[in-house]
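If you want the building blocks of each chain, they are given just below.
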Amino acid sequence: MPPYDTNTTSDELVKDYASLIKGKVVLTTGVSPGGLGAAFVLAIAKAQPALLILAGRDLAKLEKTAAEITSSNPTVKTRNLRVDLESLQSVREAAAEVNSWADVPVIDVIVNNAAVMAVDYALSVDGFERHLASNHLGHFLLTNLVINKVLASKSPRVVFVSSAGHRFNPFRFDDYNFDGGKSYDKWRGYGQSKTANILTAISLAKKLGGRGLLAFSLHPGVIMTNLANHLDFSKDFVSAHAVDYAMGNLGEFHSDINFKSVERGVATHIYAAFDPIYQSYSSYLSDHNGSYLLDCHVGDPVTETVKPWAISRIEAEKLWTLSQKLVGEEFDYQLGRK
């Protein structure tokens, strides 16, 4: 099994990992047609997973993706799960529904893929900045509420789809809502939430790695999907570059940006979710629990875009503590209370 790189495609990995995907139960958020989540589940469906749980707030879109899976892979089972990640109540209801499924005692992999990107300032129903609510807090709560089903797996994994956009902002512990919008920039809001994804993977790996859980975050690359449909790139790439410059970064939003195809983009999703624990080459993921991945390898904070604020265990623990406070529930695995 060869090492992979930026040119690796989803079909290549599905072929190599077919035996690891077959029979698995996978819950994926954000699977609307035209997005990376849909591309991910359609790709792995070719390897006959036992069940694909499709989570999102728009049932019509979930049904469309489910129908496409059934059309191309009639024997693969799907189940739709309605959840609005910007509402903690909706997340709790969705988690309760999953936990009530007696016929689904195990979830092998959760892929927290759903996101909003560079949206105008607004607060969620619970009073949190939208990126923070949707991209981080919703996934944090959902994952922790169904974690017992994940830990029941023989090979439990949780994947957070982050972004190189985490370079736009560290986590603002004392002002995560950007002073009521007064200090808000949409790229900084996005960056804070993507930093949070990376830090959450670190925390889960630390807290539950001893029980066999592998947790990773990833950057899929820059891909044109429906996530960016609302953006005017003639203006928004300029503003993204300005934030990069202000943060002291060389910047990746420029005219010769290396766009990936969807097939290359979701390769790292598949790598994070199924890369085998033991394999013939020297670098494998079980040695790097909690890591941030890109281009189907572990990101190098010295040579690649991996900011130190996103891989700090201290920052990770601070965020875990704050996130528990914000969602109003404790998940203290080290003390055995969950």
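Since the structure is predicted, the reported quantities are computational estimates derived from the model, not experimental observations.

(A) Spatial organisation of unusual backbone geometry. Phi angles above zero are rare outside glycine, and Gln48 is one such case at about 60 degrees. The residue Gln48 is located in the loop between α3 (36-45) and β2 (51-56) in this model. With a relative accessible area of 31%, Gln48 lands in the partly exposed category. A positive phi angle is found at Asp179, which is not glycine, with a value near 50 degrees.

(B) Examining the packing of α3 against helix α4 (residues 59-72) more closely. Relative to each other, α3 and α4 sit at 20 degrees, their axes nearing to 10 Å. Between α3 and α4, the crossing angle belongs to the class labelled roughly parallel. Remark: the crossing between α3 and α4 carries right-handed chirality. Across from Ala38, Val41, Leu42 and Ala45 in α3, the residues of α4 making contact are Thr65, Glu68, Ile69 and Ser72. The class makeup of the residues in the contact of α3 with α4 is five nonpolar, two polar and one charged.

(C) Expanded view of the pattern of salt bridges. Going through the model one piece at a time under the given rule, you end up with ten salt bridges. Glu329 is the salt-bridge partner of Arg92, the closest N and O atoms lying 3.6 Å from each other. Taken together, the positions of Arg92 in helix α5 (residues 88-100) and Glu329 in the segment after α12 (313-327) put the pair 237 residues apart, joining distant regions of the chain. By relative accessible area, which is 26% here, Arg92 ends up partly exposed. Of the charged contacts in the structure, one is a salt bridge between Asp295 and Lys260, with a shortest N-O distance of 2.6 Å. With Asp295 in the loop between β9 (292-294) and β10 (297-298) and Lys260 in strand β8 (residues 259-260), this residue pair connects regions lying 35 residues apart in the sequence.

(D) The side chain of Gln324, seen in detail. Within the secondary structure layout, Gln324 lies in helix α12. Assessed through its relative accessible area of 13%, Gln324 is described here as buried. Contact partners of Gln324, with chain neighbours within four places excluded, come to Phe140, Glu329, Glu330, Phe331 and Asp332.

(E) Quick peek at the sheet that holds strand β5 (residues 157-161). On the basis of which strands lie adjacent, the open sheet formed by eight strands has the order β3-β2-β1-β4-β5-β6-β9-β10 and mixed pairing. The strands lining the two open edges of the sheet, one partner per strand, are β3 (77-82) and β10. As paired elements, strand β1 (residues 25-29) and strand β4 (residues 109-112) share three bridges and run parallel to each other. Residue pairing in the sheet places Val26 in a bridge with Val109 of β4.

(F) Molecular detail of the nonpolar core. Counting residues in each nonpolar core, the largest one holds 50 residues, and the members touching the most others are Leu27, Ile53, Leu81, Ile107 and Leu204. For this core, the element with the highest residue contribution is helix α8 (residues 186-208), accounting for seven residues. Apart from the residues within four sequence positions on either side, Leu204 is in contact with Thr143, Asn144, Val158, Phe160, Gly209, Leu213, Ala215 and Trp320. Membership of the second largest hydrophobic core comes to 39 residues, among which are Leu42, Val159, Val161 and Cys296.

(G) Representation of the pairing of β1 in the model. Across the five residues of β1, five count as buried, placing the element largely inside the fold. Taken together, the five bridges between β1 and β2 define a ladder with parallel strand orientation. The partner of Thr28 across the bridge, within β2, is Leu54. Handedness of the β1-α3-β2 crossover: right-handed.

(H) Structural detail: the pairing of strand β6 (residues 214-219). Across the six residues of β6, six count as buried, placing the element largely inside the fold. Of the strand pairs in this sheet, β5 and β6 are connected by five bridges, and their pairing is parallel. Across the sheet, residue Val158 finds its bridge partner in β6, namely Ala215. With respect to chirality, the unit in which β5 leads through α8 into the neighbouring parallel β6 is right-handed. Here β6 runs beside β9; their pairing, made up of three bridges, is parallel. Bridge pairing links Leu218 to Leu293 in β9.

(I) Highlighting the packing of aromatic side chains. Within this structure, the stated rule accounts for eleven aromatic pairs. Plain terms: the ring middles of Phe140 and Trp320 are 4.9 Å apart, the flat faces sit at 75 degrees to each other, and that makes the pair edge-to-face. On the criterion of sequence distance, the pair formed by Phe140 in helix α6 (residues 130-145) and Trp320 in helix α12 is long-range, its members being 180 residues apart. By relative accessible area, Trp320 is classed as buried at 3%. Geometrically, the ring pair formed by Phe171 and Phe173 is tilted, given 5.0 Å between the ring centres and 55 degrees between the ring planes. Overall, the relative accessible area of 5% leaves Phe171 in the buried class.

What counts, and at which threshold
Here the residue index of a chain counts from 1 through its sequence in written order. Where totals are concerned, whole chains, interfaces and linings use all residues; where local detail is concerned, this predicted model gives features only for residues with pLDDT of at least 70, and gives and counts side-chain atom pairs only at 80 or more. The side-chain figures draw on all heavy atoms in the structure; neither hydrogens nor water molecules are used. The secondary structure listing takes helices from DSSP runs of H or I that are at least 4 residues long and strands from runs of E that are at least 2 residues long, numbered from the N terminus. Only protein chains enter the accessibility calculation, which uses a 1.4 Å probe; a residue is then buried when its area is under 20% of its type maximum, exposed when over 50%, and partly exposed in between. For helices, the fitted axis covers only the stretch in contact; all axes are lines through C-alpha atoms, and the angles between them, taken along N-to-C directions, range from 0 to 180 degrees. In these notes the angle categories are as follows: under 35 degrees is roughly parallel, over 145 is roughly antiparallel, 65 to 115 is roughly perpendicular, and the rest is oblique. Note on convention: the crossing is left-handed when the near helix lies turned anticlockwise from the far helix by less than a right angle, right-handed when the turn is clockwise. By the convention used here, residues are in contact when the closest approach between their heavy atoms is within 4.5 Å. Residue classes follow a fixed rule: Ala, Val, Leu, Ile, Met, Phe, Trp, Tyr, Cys and Pro count as nonpolar, while Asp, Glu, Lys and Arg count as charged, and any other residue, Gly among them, counts as polar. Put simply, a salt bridge is a Lys or Arg side-chain nitrogen that is within 4 Å of an Asp or Glu carboxyl oxygen. Note on pairing: two strands pair once DSSP finds at least 2 bridges between them. We define the nonpolar core as a collection of buried residues of types Ala, Val, Leu, Ile, Met, Phe, Trp, Tyr and Cys that are connected through side-chain atoms lying within 4.5 Å of one another. The handedness of a crossover follows from its direction of travel: if, with the strands pointing away from the viewer, the path from the first strand over the helix to the second runs clockwise, the crossover is right-handed. Stacked, tilted and edge-to-face pairs are distinguished by plane angle, under 30 degrees for stacked and over 60 for edge-to-face with tilted covering the rest, among Phe, Tyr and Trp rings (Trp via its six-membered ring) whose centres lie within 6.5 Å.

Bear in mind that shape data such as this cannot, by itself, settle questions of function.
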